[in-house]
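# Overview (structure and organization)
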Amino acid sequence: ATPTAIMVGTGRAAELGVLFRRGEALQQLQQADMVAFDKTGTLTVGKPVLTDIILDGDFEHDEVLALVAAAESRSEHPIATAIVTAAEQAGLAIPPVERFESLPGRGIAATIAGRLVQVGSTRLLDGLDLGDFRSTAEQVTQAGRTAVFVAIDGKPAAAIVVADVVKPRSAEAIAALHRLGVKTAMISGDDRRTAAAIARELGIDEVRAEVLPADKAEVVRGLRNNGRTVAYVGDGINDAPALAEADVGIAVGNGTDVAIESADVVLVGGDPRGVLDAITVSRATMRNIQ
Ligand code: ADP
Ligand code: MG
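Residues numbered from 1 in each chain as written. Chains lettered and ligands numbered in written order. Predicted model: local features only at pLDDT ≥ 70, side-chain atom pairs only at ≥ 80, totals over all residues.

As annotated in an unreviewed UniProt entry, the protein is Heavy metal translocating P-type ATPase from Devosia albogilva.

In structure tokens:
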């Protein structure tokens, strides 16, 4: 493509809120035959709300919520925000945290008033007998919600359910990609049933769930190895390696600086339909030149 054509295409895209950071990306994107999306914050709003706390009989609601909120006050994860907000709305005093540790893609561990508080996926609490919590969690995840487990001093204490909603335009973006002949995939760190429920709701072709942040890039590499040209769309800090690994990395507007640093394209608004605009401009630009 001529520099002029690239400049014109980049300008037209910018008017649509699609920022091409590299001219090459404008040339490459027209070849994309698969778009892989991150789930939380990319296809979903990413601001989950706490809907249920299911308690073990030995534990008390407000005490558990206060301890968990204290631990989560140190985390930036959307699930953490949901829990802290719920505790604040309940008017609970949030105790000080003595020690905090974050295990990306798994959860957190903290010491509060001498008690060990762990919050996260089954993978975080590997080795603990979660008993009835497991079947309860299975039911909520089938509905596309996320359950995290709480252990206090190594004893299962609660399952906390949070619900995130899909962005109003996500299904439309997926359907439009399919009409262009582009396959879709979703890569998520969330539970496999939760991810499958969201993917089903959106009509996504392929789902990879329970993928640790560090492994997202490897999943993208696997998709590319099938001879495909893959665009990856993500929002968060966890996505930087996946954005870099994709043929074209697309960051949605609510993304962090780190993610944007490794992205070829930035969608200014959080609307996933921006991917369509990006592909359409890329195809038009390349058609005019050939
Ligand atoms: P996604 O790919 O959907 O953005 P993440 O990789 O951020 O998901 O997280 C995967 C899973 O790890 C979550 O569904 C949750 O079970 C657990 N997790 C991560 N961070 C936290 C946290 N701060 N509190 C509780 N659970 C967490
Ligand atoms: Mg995310």
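Next, the rest of the story.
### Quick notes on the domain arrangement of the protein
In terms of domains, the protein is made up of domain 1 (3–45 + 166–289) and domain 2 (49–163). Spacing between the C-alpha centres of domain 1 and domain 2 amounts to 31 Å. The class makeup of the residues in the side of domain 1 that touches domain 2 is four nonpolar, five polar and four charged. (Domains from an automatic or database assignment. Nonpolar A, V, L, I, M, F, W, Y, C, P; charged D, E, K, R; others polar.)

### Looking at unusual backbone geometry
Of note, the phi angle at aspartate 153 is positive, near 50 degrees, even though the residue is not glycine. The exposure class of aspartate 153 is exposed, given the 10 C-beta atoms found within 10 Å. In this structure, glutamate 210 takes a positive phi of about 55 degrees despite not being glycine. Within the secondary structure, glutamate 210 is located in the loop between strand E10 (206–208) and helix H8 (216–225). By C-beta crowding, glutamate 210 is classed as partly exposed, having 16 other C-beta atoms within 10 Å. (Buried ≥ 20, exposed ≤ 12 C-beta atoms within 10 Å, placed from the backbone. Helix = DSSP H or I, 4+ residues; strand = E, 2+ residues; numbered from the N terminus.)

### Describing helix H3 (residues 61–72)
For H3, which comprises 12 residues, the first-to-last C-alpha distance of 16 Å matches the rise-based estimate of 16 Å (1.5 Å per residue) to within 8%. Those residues of H3 that sit buried are Leu65, Leu67, Val68, Ala69, Ala70, Ala71 and Glu72. (Expected span 1.5 Å × (residues − 1).)

### Structural notes on the sheet that holds E10
If you walk across this open sheet you meet the seven strands as E1-E13-E12-E11-E2-E9-E10, and the pairing is mixed. Both outer strands of the open sheet, strand E1 (18–20) and E10, are each paired with one neighbouring strand and no more. With direction set aside, neighbouring strand axes in the sheet form an average angle of 20 degrees. (Pairing = 2+ DSSP bridges. Axes fitted to C-alpha atoms, helices over the stretch in contact; angles between N-to-C directions.)

### Topic: the nonpolar core
Within the largest apolar cluster, 49 residues are counted, with the highest numbers of intra-cluster contacts made by Ala36, Ala231, Tyr232 and Ile250. In terms of residue count, helix H11 (residues 274–289) provides more of this core than any other element does, five residues in total. With sequence-adjacent residues up to four places away left out, alanine 231 is seen in contact with Leu29, Ala32, Val35, Ala246, Asp247, Val248 and Ile250. (Core = buried A, V, L, I, M, F, W, Y, C linked by C-beta atoms within 7 Å. Contact = placed C-beta atoms within 7 Å.)

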